[in-house]
Amino acid sequence: APASDAGGRSGGDDIKAHFVFIPIMFQGHLIPAVDTALLLATHGALATVVVTPSYTSRIRPTIDFAHTSGLPVRLLELPLDLAAEGLPAGADDVDKVPPDLWTNYFRALARLRTPLERQLLADADVAHPVTCVVADFCHPWAKELAASLRVPRLCFFSMCAFCLLCQHNVERFGSYDGVADANELVVVPGLERRVEVSRAQAPGFFRDMPGFEKFGDEVEQALVEADGIVTNSFLEMEPEFVAGYAGARRMKVWTVGPVSLFHHRTTTTTSASRGNTAAIDADECLMWLDDKEPSSVVYVSFGSLAQANSKQVIELGLGLEASGHPFIWVVKNAHQHGQDVIEFLHELEGRVAGRGMLIRGWAPQVMILSHVAVGSFVTHCGWNSTMEAVAAGLPVVTWPHFADQFLNAKLAVEVLGIGVDVGVTEPVMYRMDLKEIVVGREVVEKAVRSVMDGGEEGEERRRRARVLAAKARDAVEEGGSSYGNLLDLVKRFEVDTAGCVVATA
Ligand code: UDP
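Everything numeric in this text was worked out from a predicted model, so none of it was measured.

Once that is clear, we can look at the overall build of the protein. Helix and strand content of the protein: 18 helices and 15 strands. In terms of overall dimensions, the protein is globule-like: its C-alpha atoms have a radius of gyration of 22 Å, near the 23 Å expected for 505 residues. Considering only C-alpha atoms, the protein reaches an extent of 65 × 55 × 50 Å along its principal axes. Relative to its 505 residues, the protein shows a buried fraction of 50%. Put simply, of all contacts in the protein between residues at least 6 apart along the chain, 72% involve residues at least 24 apart.

Moving on, we get to the site of the ligand. Neighbouring the ligand are 21 residues, the closest being Gly-28, Gly-303, Ser-304, Gly-382 and Ser-385. Looking at the shell around the ligand, the elements with two or more residues in it are α1 (27-42), α13 (365-369) and α14 (383-392). Sorting elements by how many residues they give to the shell around the ligand places α14 first, with 4 residues. Partitioned by chemical class, the residues of the shell around the ligand number 9 nonpolar, 10 polar and 2 charged.

Counting buried positions along strand β2 (residues 46-51) yields 6 of 6 residues, so the element is predominantly enclosed. Alternating positions in β2 separate into two faces, Leu-46, Thr-48 and Val-50 on one and Ala-47, Val-49 and Val-51 on the other, with burial throughout. Sheet analysis places strand β1 (residues 18-22) next to β2, joined by 4 bridges and oriented parallel. Bridged to His-18 within β2 is Leu-46. Assessed by its sense of winding, the connection that carries the chain from β1 through α1 to β2 is right-handed. Since β2 and strand β3 (residues 73-77) lie parallel, the crossover through helix α2 (residues 53-68) that links them has a hand, and here it is right-handed.

What follows concerns the packing of helix α11 (residues 310-323) against helix α16 (residues 441-452). Close contact between α11 and α16 brings their axes to 7 Å; oriented N to C, the two are set at 40 degrees. With respect to α16, the element α11 is oriented oblique. Considering the relative orientation of α11 and α16, their crossing is right-handed. Counted together, Glu-315, Leu-316, Leu-318, Gly-319, Leu-320, Ala-322 and Ser-323 of α11 and Arg-441, Val-444, Glu-445, Val-448 and Arg-449 of α16 form the full contact between these two elements. The residue makeup of the contact of α11 with α16, split by class, is 6 nonpolar, 2 polar and 4 charged.

A cis amide bond, omega -5 degrees, links Gly-257 with the succeeding residue Pro-258. With respect to the secondary-structure elements, Pro-258 resides in the loop between β9 (253-255) and α9 (268-272). Despite not being glycine, Arg-150 has its phi angle at roughly 60 degrees, a positive value. Relative to the assigned elements, Arg-150 resides in the loop between α5 (142-149) and β5 (153-157). Of note, the phi angle at Ala-403 is positive, near 55 degrees, even though the residue is not glycine. Within the secondary structure, Ala-403 is located in the loop between β14 (396-398) and α15 (405-415). The exposure class of Ala-403 is buried, given the 25 C-beta atoms found within 10 Å.

When pLDDT is averaged across the protein, the result is 93; 93% of the residues are at 70 or more. Note that residues 5-11 has pLDDT below 50 and, in this model, 18 contacts with residues that lie over four places away or in other chains. Interface predicted TM-score (ipTM) for the complex: 1.00; the corresponding pTM is 0.95.

Calculation notes
Residues numbered from 1 in each chain as written. Predicted model: local features only at pLDDT ≥ 70, side-chain atom pairs only at ≥ 80, totals over all residues. Helix = DSSP H or I, 4+ residues; strand = E, 2+ residues; numbered from the N terminus. Rg over C-alpha atoms; globule rule 2.2 N^0.38 Å. Buried ≥ 20, exposed ≤ 12 C-beta atoms within 10 Å, placed from the backbone. Contact = placed C-beta atoms within 7 Å. Near = placed C-beta within 6 Å. Nonpolar A, V, L, I, M, F, W, Y, C, P; charged D, E, K, R; others polar. Pairing = 2+ DSSP bridges. Right-handed = clockwise from strand over helix to strand, strands pointing away. Axes fitted to C-alpha atoms, helices over the stretch in contact; angles between N-to-C directions. Parallel < 35°, antiparallel > 145°, perpendicular 65-115°, else oblique. Left-handed = near helix turned anticlockwise from the far one by under 90°. pLDDT = per-residue confidence, 0-100.

Structure (C-alpha cells):
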C-alpha cells in the first residue's frame, strides 16, 4: 500500500530529515511511537509511521489531526504475511494471536523487512529520502533494513532509563547466575542506591519466554549495534539513570518525553481517541468529572494487555466501593467474564451511582488523567501509564503485573516517592494461567485510602508528584531537555545537499 498523504508541509523544501518509525503493534509501543513521530514533525522533520492493517484505524485520528495541523506525517500500511507463518486470518491484531504462535507472529513481523525496503525505495521521494530508521527494540531485523538503506538506526523504547539500566546491569554482571529461585531478590549492581529485584520481576527482554532464547540475543545484538536510543522519559526525572544507561551502552540516549503531553495541543476528540476508539462519549465523561471536587477521583486501569480473573475483578470492585472515594474504573474485556462478573458489575454500578463510573473497554486515559478532578491513579505501571501519571502530577498505587512493570513501580515508589505499593511481588504473566486473587479487597481499600489520604505523608507524596509534573512540562517546552533532544535529532539526522546523512550518533 502506498504511503498516505504527508499532509500540509510535506512538500516544503525546508524538510531535511525523514524518520521512518517502525513500532511493534502493541498499544503500549505504538501509541508513544506515533506521538514521538508527531513531535519530530513539529520540529520540521518528515515522519513515516509503519503500521499493519488492524491498527491503522486506531491511530488514524491522531494522524488526521497532524494533517489538519499541517504536520508532515505519513502512514505506511503494510500487511503481515500471516499465511507464511501459519497464523490465522486477523492475527495481525495481537489480541488474536494464539498464545502458542507468538514466535510465528514475531517471524511474520521480520518478514516486513523486504516489502518495507521495497516500498521505501519505490516511493523514495528524491526531495525527502529516508535519513533515519527509528525501530522498536523488538524489531532486531531493522538492523539489516537500515544497513541496506544506508541510514542510521535508532532503537525506540517507551521505558524509563532506570528500568533499562537495572535490566542491563543484572544481565551484564550475571546477577541471577546460580540463583535457583526466580523469586529470590538480588541487589542490582552498579547503582548508587540499593535496588532489589528478582528474576521473575525483571527477567530482561524476552529472557523469560520459551522459544524466544535466540530472539532475545538478536534483540540485544541489534541494540549494541544501534546508533542511539530514543525513549519516552525526561532527563530531570532520572538524570543519574539516563547518564548511567548512556554510559553503560556507550551511546547517546535521547529522552523525548513525556510524549503524551503532545496531546495538550490536540483537541478533546483527538486526545480521547488516542490509540483506539473510546468506549465512552468523551463529553459525557468530562461532564461527569466536572461535577466532582478537585483531586477527588481515583482512576483505575491496567493498560491494554493485563488481565484479571473473575474473582480478582470482584475483589477490586469491592475494594473500590469500600474506599468511599469517587472512582473511574476501566474494566477490560468485561464481556469475556462469566455471568457472575457481569451481574456484579451491574449491581455495583447501582450501588455507587454518581460516585463510581465503569468504562467497559477503551478509556480516553490521557484526557481523564489531565482533568483536575482526578486525584490518583491505580495502575499496572506500564511505562506509558506511569509517564502519563507523572505528566498529570498524580500519585499512583502501583500494582505491577509483568514485563518492565515491577521496575517502573520501584521507580515510582522508591526513587520518585510518588507511589503507594499495593504489595504484589510475583508476576502474573500475559495470557497465562491467572491465580485466584492476587490482591484482596481490604488491600485495595487500604491502598486507595492511603494514596488519597489527606495526612502529611499523602500530602508530601502529592507535592512530589506536582513538582515532577512541572518538571515534565518544562522538559517539553521550548528550552526544555526533551524539546532540545527532539531538535537535536532533527538536526543530526538531516541530509546534506549531496544526499548524505550529515551525522550519526
Ligand atoms: N490506554 C488508553 N485507554 C485504555 C487503556 C490504555 O488510552 O483503556 C493507553 C494508555 O494511556 C497508554 C497505553 O494505552 O498510553 C498503554 O500503555 P502502558 O505502557 O501503560 O501499558 P500496556 O498496555 O503496554 O501494558
